[in-house]
Amino acid sequence: RRAVIDTPLSTRWWSLKPELPPRLGLRPPPASPTMSFLNLRLVFITNLIILPFIILTLPKPIVRPADLPASCHELRPITTPAAGSPTKPHAERTYDVVIYGATGFTGRLAALYMQSAAPTGTTWAIAGRSQAKLDKMNAELEHPVPTVIADSSDEEAVRAMVESTRVIMTTVGPYVNYGSLVLGEAAKAGTHYLDLSGEFFWQADMVELHHATAASTGAKIVVAAGYDSVPFDLGALVATNALLEAHAKRPTQITSVVTQMRGLASGGTISAVVFMMQAMMKGQFTLAQIFNPYLLVDDVDGCRVDSDPAGWSWASLPRYDSGLSVLAIPHFMAWANARVVRRSLALAGSRNCSYGEGMSVGAMADATGWVTSQLVAGNMTLGDLAPSPGQGPPQPVLDNGGVKLTVQAAHADELAYNTDTVVATVAVTFAGDPGYAATSKMLVEGALCLADAKCHAGSALQGGVLTPATAMGTGLVGRLQAAMGGTFASFEVLPPAKSA
């Protein structure tokens, strides 16, 4: 041991002998610096060549359609009992829409947008815990609206609130803490409901506890009605319809890739992630649930196509998608969005279709540049990058943001995967910061759609814990594209559908 310590530092690692006592736990060094240099070059060259090859050839984490049971290829829409009557007929209710949480950051944006987006004759109210804060919110509106006081833990107050309206939309999160009672009472009352939840384990609990009740009362309970997961869920729907129209085939693969993301993560999203981690540490849900791609699907009946929650790549590695010609990693909200889309597919009866969601390398570079430009321009501060719940960025950031994604639906021959493939591709865009400005508008347009029976009449399901696509379908697509004079959103089918 002394011999090692006394060896000069400059020669120590090249002069150690293999005869060193084993108890020291030291391995003999390379024979020479030259050999070490050659080894480093070999490692570098290997990584330079092999890693890109792996990325370019990495397959999606899916099961080949040919390996699925034959029954999985049959279209079997999930049916629900005939909707019964709500506890109080909708025609006798005081309001068309109530915005619960209107005094928070996103709720305030929703209320300000509602006053300009609501059709003439729409009756709506704002709700929250504090009358003083509601009065302050009303002062910002051009025409004050009625207020409703309800604490999310007060069962009687929540029941009275949901029974007073045809539609309740809530921005009060995290939903695992503040959403269960509101959703449950809406299901029992036959009141349509929307939220901004991304907590997939909470959504799974709500499906188990309230889907049957909501189906029996005719309540359309719509989870994830903001950036999580409207663009992706409706994008998949539009792409599916385009494939059916062009080729009379249903998709066996749907792929979404965010190609531009200019915005900030909302305080609610960050808080939801923290609460999910805390809930996992407390044992409220298991690792098996976290990694279950079909957590929101009641019965996959052996038709598990996807083996990864995001559905993009194995172990969240970058993957080059040949269909969309893009290099991407899993989208940071794919674990929430993908489960919602899979529930939509299952409810529609499509059980042999995989779904994957990524974010392109170009989008990540663009997002970094955009945030930097906003900081340099003085439109935001570093503190805006990690807001607390109820807080958000300044108005210039809300206005300058936006999101673009490409959604592709593909049909592959069931007997020979990736042969005879036909595709339909949709370009989806939304204006405004996705986590705040765009999300609040998506939520309001969804609420107005549910308040209008004609808007969601095309939905095959008349009640249950649903998704944006299965509760409102193309009716919501139309509303979103018409919003703000047609400048807010676009779902553009890219013609023609081409052979892969």
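Computed from a prediction, not measured in an experiment: that's the story for all the values here.

Engineer: Describe the pattern of salt bridges, listing the residues and the values that go with them.
Structural biologist: Throughout the structure, instances matching the rule amount to nine salt bridges. Across the pair Arg108 and Glu140 runs a salt bridge, and its minimum N-O distance is 3.0 Å. Of this pair, Arg108 sits in helix α4 (residues 105-117) while Glu140 sits in helix α5 (residues 131-140), and the two are 32 residues apart along the sequence. Accessibility expressed as a relative area gives 28% for Arg108, which makes it partly exposed. Under the relative-accessibility criterion, Glu140 is labelled partly exposed at 37%. Salt bridges linked by common partners bring Glu155, Arg159, Glu185 and Lys188 together as one network.

Engineer: Give me helix α18 (residues 474-486): which residues, what numbers.
Structural biologist: Between its first and last C-alpha, α18 extends only 16 Å over 13 residues, short of the 18 Å set by a 1.5 Å rise per residue. Here α18 has its buried residues at Gly475, Leu476, Val477, Leu480 and Ala483. Buried positions along α18 lie against α4, α10 (230-247), β12 (422-431), α16 (434-451), α17 (468-471) and β14 (489-494).

Engineer: Let's hear about the environment of Phe275: which residues, and what values?
Structural biologist: For Phe275, the location among the structural elements is in helix α11 (residues 267-281). Owing to a relative accessible area of 25%, Phe275 belongs among the partly exposed residues under this scheme. Separated by 98 residues in sequence, Phe275 and Asn177 place their C-alpha atoms 8.9 Å apart.

Engineer: An account of the side chain of Ser152 is needed here, citing residue identities and associated values.
Structural biologist: For Ser152, the position within the fold is in the loop between β3 (147-149) and α6 (155-163). The contacts of Ser152, once residues within four sequence positions are left out, are Tyr100, Val158, Tyr178 and Leu181.

Engineer: Explain the nonpolar core to me, and be specific about the residues and the numbers.
Structural biologist: Grouped together as the largest cluster of nonpolar side chains are 99 residues, with contacts concentrated most on Met169, Leu194, Phe430 and Leu480. In terms of residues, this core owes the most to one element, α16, which gives nine residues. Contact partners of Leu194, with chain neighbours within four places excluded, come to Val167, Ile168, Met169, Thr170, Val222, Ala225, Leu443, Gly446, Ala447, Leu450 and Met472. In terms of nonpolar packing, the next biggest core, distinct from the first, is built from eleven residues, Phe200, Phe201, Ala279 and Ile290 among them.

Engineer: Mind laying out the pairing of strand β2 (residues 124-128), listing which residues take part and the relevant values?
Structural biologist: In terms of burial, β2 is a largely internal element, five of the five residues being buried. Side chains Trp124, Ile126 and Gly128 of β2 all project onto a buried face; the interleaved residues Ala125 and Ala127 project onto the opposite face, where all are buried too. For strand β1 (residues 95-100) and β2, the ladder comprises four bridges, and the chain directions are parallel. Within β2, the position partnered with Val97 by the bridge is Trp124. Two elements, β2 and β3, share three bridges in a ladder whose sense is parallel. Bridging from a neighbouring strand, Ile126 pairs with Thr147 of β3.

Engineer: Tell me about the sheet that holds strand β7 (residues 253-262), and name the residues and values.
Structural biologist: Taken in spatial order, the seven strands make up an open sheet running β8-β9-β10-β7-β11-β12-β14, and their pairing is mixed. At either margin of the open sheet sits one strand with a lone partner, and together these are β8 (319-321) and β14. Looking at each pair of strands side by side, their axes are set apart by 30° on average, direction ignored. Taken together, the nine bridges between β7 and strand β11 (residues 402-411) define a ladder with antiparallel strand orientation. Each bridged residue has a counterpart across the sheet, and for Gln253 the counterpart in β11 is Ala410. Packing of α18 onto the sheet brings it into contact with β12 and β14, and relative to β14 it is tilted by some 120°.

Reading guide: rules and limits
- Residues numbered from 1 in each chain as written.
- Predicted model: local features only at pLDDT ≥ 70, side-chain atom pairs only at ≥ 80, totals over all residues.
- Heavy atoms only, no water.
- Salt bridge = Lys/Arg side-chain N within 4 Å of Asp/Glu carboxyl O.
- Helix = DSSP H or I, 4+ residues; strand = E, 2+ residues; numbered from the N terminus.
- Buried < 20%, exposed > 50% of the residue type's maximum accessible area, 1.4 Å probe, protein only.
- Expected span 1.5 Å × (residues − 1).
- Contact = heavy atoms within 4.5 Å.
- Core = buried A, V, L, I, M, F, W, Y, C linked by side-chain atoms within 4.5 Å.
- Pairing = 2+ DSSP bridges.
- Axes fitted to C-alpha atoms, helices over the stretch in contact; angles between N-to-C directions.

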